[in-house]
Amino acid sequence: METVTPQHFLVLSFLLFSVGFLGVVIRRNLLLVLMSLELMLNGVNVALVSFSRTSLNLDGSLFVFFIMTVAATEVAVGLALLVALYKKRQSVFSEDISLLKN
Amino acid sequence: MIVARHPVPAALFMIISLVSVAALFVLLEAFFLAILQVLVYAGAVMVLFLFIIMLLDVGPDGGKVSRIKFLSGLAGSLAFGILIILLLQFSGIESSESGSWLAIDNVERVNGDSLLFSSSLKNFGFGLFTKYMLPLQVAGFLLLAAMVGVIVLSKKSLSEEEI
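These numbers were taken from a predicted model, which means no experiment stands behind them.

Student: Can you explain the overall build of chain A? Please cite residues and give values.
Tutor: When helices and strands are counted, chain A shows 3 helices and 0 strands. A compact globule built from 102 residues would reach a C-alpha radius of gyration of about 13 Å, whereas chain A, at 17 Å, exceeds it by more than 25%. If you line up chain A on its principal axes, its C-alpha atoms span 60 × 25 × 20 Å. A total of 102 residues make up chain A; the buried ones form 39% of that total.

See below:
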């Protein structure tokens, strides 16, 4: 009978982080880029909580609380910026946003 | 989620993965964080995302996917999968009979200088309002600043439209 070890959680958090990173790199839709950023933060959260649980220290969990706060504000501000940009440029694709080129 | 071309299915897949992360938090006995994950992420953040997706009416990612791109993506994910399997094989993960999970103690709050992990909300709040008092207030201020910033941003774009 195989049990779940902290290493499994760490591998999973690495996977979540790398999937999010891949999303940031390959997607051109800025909305999806923001969502992938959220996924990366989630991977970090999983790692922090599993470390906090294994070392029986509450600090990691409290950090996750603050990370969630920051992520929520980041999404709100990012989406507001995106809407403002869409009103200016009529596009949310990152290749269309080249302010310096023309 | 990241291979979905259309944003709406991507957002729905994202909700699934966020709820799964909440389930993992339950497994790690961080119940408050699990509730918070569902409420904040799967509730507020993803609703905001879906609202913006439908407000802007964004379609799928433009451009055809070329054959070489597809092949390189396939090769990359294959190599990544092999890497993960090797990592799982050789990183010394063995099935120990739950020796690495220490039992948690919900009565004791602090051990010397450090706060003890516990599943009870009382201890979470205790840590938040003693050791992390200043970060908590900074987080509250950050939320206020984000709220004001979002209002200013949306207002400015509205007034630009009127001109």
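Student: How would you summarise unusual backbone geometry if you had to cite specific residues and measurements?
Tutor: Even without being glycine, Leu 56 of chain A reaches a positive phi, approximately 50 degrees. Take Leu 56 of chain A: it is sitting in the loop between helix 2 (30–54) and helix 3 (59–89). Non-glycine residue Glu 29 of chain B carries a positive phi angle of around 65 degrees. Within the secondary structure, Glu 29 of chain B is located in the loop between helix 1 (7–27) and helix 2 (31–56). Since 17 C-beta atoms lie within 10 Å of it, Glu 29 of chain B is described here as partly exposed.

Student: Lay out the interface of chain B and chain A in plain terms, naming residues and giving numbers.
Tutor: The partner chain A presents 54 residues to the 60 residues of chain B that form the contact. Going through the elements one at a time, helix 1, helix 2, helix 3 (67–90), strand 2 (114–115), helix 4 (121–130) and helix 5 (133–162) of chain B are the ones with two or more residues in the side of chain B that touches chain A. With 12 residues, the top contributor of residues to the side of chain B that touches chain A is helix 5 of chain B. Here the side of chain B that touches chain A is built from residues that sort into 41 nonpolar, 14 polar and 5 charged.

Student: Can you explain the packing of helix 1 (residues 6–26) of chain A against helix 2 of chain A? Please cite residues and give values.
Tutor: Residue and element names in this part refer to chain A. Relative to each other, helix 1 and helix 2 sit at 165 degrees, their axes nearing to 7 Å. By the angle between their directions, the pair helix 1 and helix 2 is classed as roughly antiparallel. Seen from above, helix 1 lies across helix 2 with left-handed handedness. Looking at the contact of helix 1 with helix 2 residue by residue, the classes come out as 17 nonpolar, 8 polar and no charged.

What counts and how
- Residues numbered from 1 in each chain as written.
- Chains lettered and ligands numbered in written order.
- Predicted model: local features only at pLDDT ≥ 70, side-chain atom pairs only at ≥ 80, totals over all residues.
- Helix = DSSP H or I, 4+ residues; strand = E, 2+ residues; numbered from the N terminus.
- Rg over C-alpha atoms; globule rule 2.2 N^0.38 Å.
- Buried ≥ 20, exposed ≤ 12 C-beta atoms within 10 Å, placed from the backbone.
- Contact = placed C-beta atoms within 7 Å.
- Nonpolar A, V, L, I, M, F, W, Y, C, P; charged D, E, K, R; others polar.
- Axes fitted to C-alpha atoms, helices over the stretch in contact; angles between N-to-C directions.
- Parallel < 35°, antiparallel > 145°, perpendicular 65-115°, else oblique.
- Left-handed = near helix turned anticlockwise from the far one by under 90°.

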